[in-house]
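The residues making up each chain are set out below.
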Amino acid sequence: MHLNIKFSNIHKKYIKHILLLISVLGFLLTGGCSNPVKNEVNRPEVQWNGKTVTSEEIVSDTIVTCTGDIVINNGGSLTIDNVLLYMKDSAYGIYVEPGGELLINNNSKITVENPETEHYEFWYKHGSSGQILNSTVEYTWTPDPGGKSQFNEAGIFIEADNFEMRNSTIQHSLGNGIEAYQADSLNIVDSEFLENGANGILVRNSTGLSLTGCTISNNGKDTERHDGCGLIVLVVTGSIESCTIESNRFTGFEGSGDMNLNISNCNIKNNSDFGIFIHDEFSSSLVEIASNTVENNANISQIHAGISVEGGVKAYVHDNILDQNYTGIRVLNNTPTSNFEYNEIHNSGTWGIHVDNSSPVFYHNQVSGCNWVAFVQEENGTPHPNFGDTTVEKSGYNDFSNNNNGIRNDSTVELKAENNYWGSTEGNIIDLYNFSDDTPIDYDPWLSSQP
């Protein structure tokens, strides 16, 4: 009996400690005060009634609530390091003036207390400098930065040259996550652009863009905004490499204007319009699209495609995998000769390839599981696609087998489609596989096996 009583007392003692611990944990997890976010870390809190920086300042390990503008003037440098910064009242903003510098580092976060109603302007002006490293910026809205925004829907507006962003997140902007204008040598690495109102990123009139290892998804959340793409570039040189661009309201990647770009090793999927859409109506551009996986884009409209090349763009499109796009590759009104080599196009609901008013050359591609291998149309102008010509090097040797139908020639031009594999070695079967209204398809000679 004595031992039982002793054990019972010890048992009750431990139960009290456990209940106390659960109570404390519950208090912390539920916030314990009016703002649980502020109490997720143990940092001192300060209030700023606005802030003007004219020299070098470093703010570290602090929670800041700012009611007023933050302005970094010429010669001023502000570093925020492990800072949780709340911008208040939607009437204020962060402005880095020419000659000023703002560095956002080390798990810092710039946000608002009431996301449903609050936002703030954020503008790196021309001649300023800055970086965002291992940090988060959210709920920005800079609709009219000196009349320079494309459609008055910028989130963070960047004009600074040599701007760097690494391992950071831009999210929940009312407009574009980042809009960069004349921002040369913009370098963005291993960062995320998520659930912004318009586009994830919009870069205009800039050189030396480098975008590597980024995730750009679920942008275009505000249906009242003009755009809703993952990434748009206008008159830009540079590279986009190893990025994931997915589930954006419109197009995954769009490039236009005078471009010199490389887009490689990206996963571009589940975007409602185009996967990759490059076009140039007023100048000439060079674009290489290589080794990307482009899946399940443009799944409701035949005017959209996994990859679309239009206008004055000389494109080299090679070693890409396109799967389950409504149309695989579209080439429309393409004035220079674009080359398509070693691409795999699978399971397109309409056409693996659509050509109108263009002269693309196809070499060593595979098209399978599509309703049609290709549709050649003469709605916008006379097409001259080359699917294989024994007199032209690096043409033909495509595998066009295992589709419901072959090429449909709905133009007035005889098509060259020599040295391809059609899944058969009998001419009459190949002839039935393809379809032409009035003009023939020259498929002889053909290959007797897969190239």
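Since this is a predicted model, take the numbers as computed values, not measurements.

Reading the values: the criteria
Residues numbered from 1 in each chain as written. Predicted model: local features only at pLDDT ≥ 70, side-chain atom pairs only at ≥ 80, totals over all residues. Heavy atoms only, no water. Helix = DSSP H or I, 4+ residues; strand = E, 2+ residues; numbered from the N terminus. Rg over C-alpha atoms; globule rule 2.2 N^0.38 Å. Buried < 20%, exposed > 50% of the residue type's maximum accessible area, 1.4 Å probe, protein only. Contact = heavy atoms within 4.5 Å. Areas by Shrake-Rupley, 256 points an atom, 1.4 Å probe, with all protein chains shown as cover. Salt bridge = Lys/Arg side-chain N within 4 Å of Asp/Glu carboxyl O. Pairing = 2+ DSSP bridges. Disulfide = S-S within 2.5 Å. Phe/Tyr/Trp six-rings, centres within 6.5 Å; stacked < 30°, edge-to-face > 60°. Lys NZ or Arg CZ within 6 Å of the ring centre and 35° of its normal. Core = buried A, V, L, I, M, F, W, Y, C linked by side-chain atoms within 4.5 Å. pLDDT = per-residue confidence, 0-100. Polar contact = N/O pair within 3.5 Å; in protein donor to acceptor, adjacent residues only side chain to side chain.

Trainee: Please provide a residue-by-residue account of the overall build of the chain, values included.
Mentor: Secondary structure assignment for the chain yields 2 helices and 40 strands. Its C-alpha radius of gyration of 28 Å places the chain more than 25% over the 22 Å reference for a compact globule of 451 residues. Principal axes of the C-alpha set define a box for the chain whose edges measure 95 × 75 × 35 Å. A burial count over the chain gives 54% of its 451 residues as buried. Pairs at least 24 apart in sequence give 56% of the contacts found in the chain among residues at least 6 apart. Looking at the chain as shown, the accessible area adds up to about 19100 Å², and 47% of this sits on carbon and sulfur atoms.

Trainee: Describe the environment of Pro451, naming the residues involved and giving the relevant values.
Mentor: Assignment of secondary structure puts Pro451 in the segment after strand E40 (441-442). Separated by 272 residues in the primary sequence, Pro451 and Glu179 place their C-alpha atoms 46 Å from one another. If we ignore the near neighbours within four places in the chain, the residues touching Pro451 are His364, Tyr397, Asn398, Asp399 and Tyr421.

Trainee: Would you mind going over the environment of Gly146 in detail, with residue names and values included?
Mentor: Residue position: Gly146 is located in the loop between strand E11 (136-138) and strand E12 (156-158). Since its relative accessible area comes to 57%, Gly146 is described here as exposed. Residues Gly146 and Glu164, 18 residues apart in the sequence, show an inter-C-alpha distance of 23 Å.

Trainee: Outline the side chain of His354, supporting the account with residue identities and numerical values.
Mentor: Summarising the element assignment, His354 is placed in strand E32 (residues 351-356). For His354, a relative accessible area of 8% gives the class buried. Excluding residues within four positions of it along the chain, His354 makes contact with Thr327, Ile329, Arg330, Val331, Phe375 and Gln377.

Trainee: If you had to explain the pattern of salt bridges to someone new, which residues and values would you point to?
Mentor: As enumerated under the stated definition, the model contains 14 salt bridges in all. With a closest N to O distance of 3.7 Å, Glu138 and Lys109 form a salt bridge. With Glu138 in strand E11 and Lys109 in strand E8 (residues 109-111), this pair connects stretches of sequence that are 29 residues apart. For Glu138, a relative accessible area of 6% translates into the label buried.

Trainee: Mind laying out the pairing of strand E27 (residues 307-318), listing which residues take part and the relevant values?
Mentor: Burial within E27 is extensive, with 10 of its 12 residues counted as buried. Relative to E27, strand E25 (residues 276-290) is paired through 11 bridges, and the arrangement is parallel. Residue pairing in the sheet places Asp280 in a bridge with Gly311 of E27.

Trainee: Outline the state of the cysteines, listing residues and values.
Mentor: Enumeration according to the criterion identifies 0 disulfides in this entry. Cys266 provides the cysteine sulfur closest to Cys229, a residue in no disulfide bond, and the two sulfurs are 15 Å apart. With no disulfide partner, Cys266 has as its closest neighbouring cysteine sulfur the one in Cys243, 4.7 Å distant.

Trainee: How would you sum up the environment of Val294? Please name residues and give values.
Mentor: Positionally, Val294 belongs in strand E26 (residues 293-295). Residues Val294 and Gly275, spaced 19 residues apart in sequence, show a C-alpha to C-alpha distance of 6.4 Å. Once residues within four sequence positions are removed from consideration, Val294 is found in contact with Ile268, Gly275, Ile276, Gly306, Ile307, Ile321, Leu322, Asp323 and Asn325.

Trainee: I'd like a rundown of the packing of aromatic side chains, residues and numbers included.
Mentor: Per the counting criterion, the structure on display carries 13 aromatic pairs. Residues Phe340 and Phe362 carry aromatic rings whose centres are separated by 5.2 Å and whose planes lie at 20° to one another, so their mutual orientation is stacked. Linking Phe340 in strand E30 (residues 339-341) with Phe362 in strand E33 (residues 361-363), this pair joins segments that are 22 residues apart in sequence. The burial state of Phe340 is the same as that of Phe362; both residues are buried. The aromatic ring of Trp48 is capped on one face by Lys51, whose charged end is 4.8 Å from the ring centroid. The residue whose ring lies beneath Lys125 is Trp123, and the NZ or CZ to ring-centre distance is 4.6 Å.

Trainee: Got a sec to walk through the nonpolar core? Specific residues and values, please.
Mentor: Counting residues in each nonpolar core, the largest one holds 87 residues, and the members touching the most others are Ile110, Phe122, Phe253, Ile278, Phe387 and Ile407. Apart from residues lying up to four places away in sequence, Ile110 is in contact with Ile80, Leu85, Met87, Ile94, Ile104, Tyr120, Phe122, Thr136, Val137 and Glu138.

Trainee: An account of the confidence of the model for the chain is requested, with residue identities and associated values reported.
Mentor: Taken residue by residue, the chain gives an average pLDDT of 91. The fraction at 70 or more is 90%. Contacts from residues 1-39, a stretch scored under 50 in pLDDT, to residues over four places away or in other chains number 14 contacts.

Trainee: An account of the side chain of Glu159 is needed here, citing residue identities and associated values.
Mentor: Inspection of the secondary structure puts Glu159 in the loop between E12 and strand E13 (164-166). With relative accessibility at 2%, the residue Glu159 sits in the buried group. Separated by 2.8 Å, the side chains of Glu159 and Trp123 make a polar contact. Among the polar contacts made by the side chain of Glu159, one reaches the main-chain amide nitrogen of His126 at a distance of 3.5 Å.

Trainee: Please provide a residue-by-residue account of the pairing of strand E9 (residues 121-124), values included.
Mentor: Two elements, strand E6 (residues 93-96) and E9, share 4 bridges in a ladder whose sense is parallel. Each bridged residue has a counterpart across the sheet, and for Val96 the counterpart in E9 is Tyr124. The pairing of E9 with E12 spans 3 bridges and is parallel. Paired with Tyr124 across the strands is Ile158, a residue of E12.

Trainee: Before we move on, can you summarise unusual backbone geometry with the specific residues and values?
Mentor: Leaving glycine out, the prevailing phi sign among residues is negative, and the prevailing peptide bond configuration is trans. A cis amide bond links Asp444 to the next residue, Pro445, at an omega of 10°. Along the chain, Pro445 turns up in the segment after E40. In this structure, Asn106 takes a positive phi of about 55° despite not being glycine. Here Asn106 shows up in the loop between strand E7 (101-105) and E8. Note on Asn106: relative accessible area 35%, which makes it partly exposed. For Lys394, which is not glycine, the phi torsion reads 55° and is therefore positive. Summarising the element assignment, Lys394 is placed in the loop between strand E36 (386-388) and strand E37 (405-410). Overall, Lys394 belongs to the partly exposed group, its relative accessible area being 46%.

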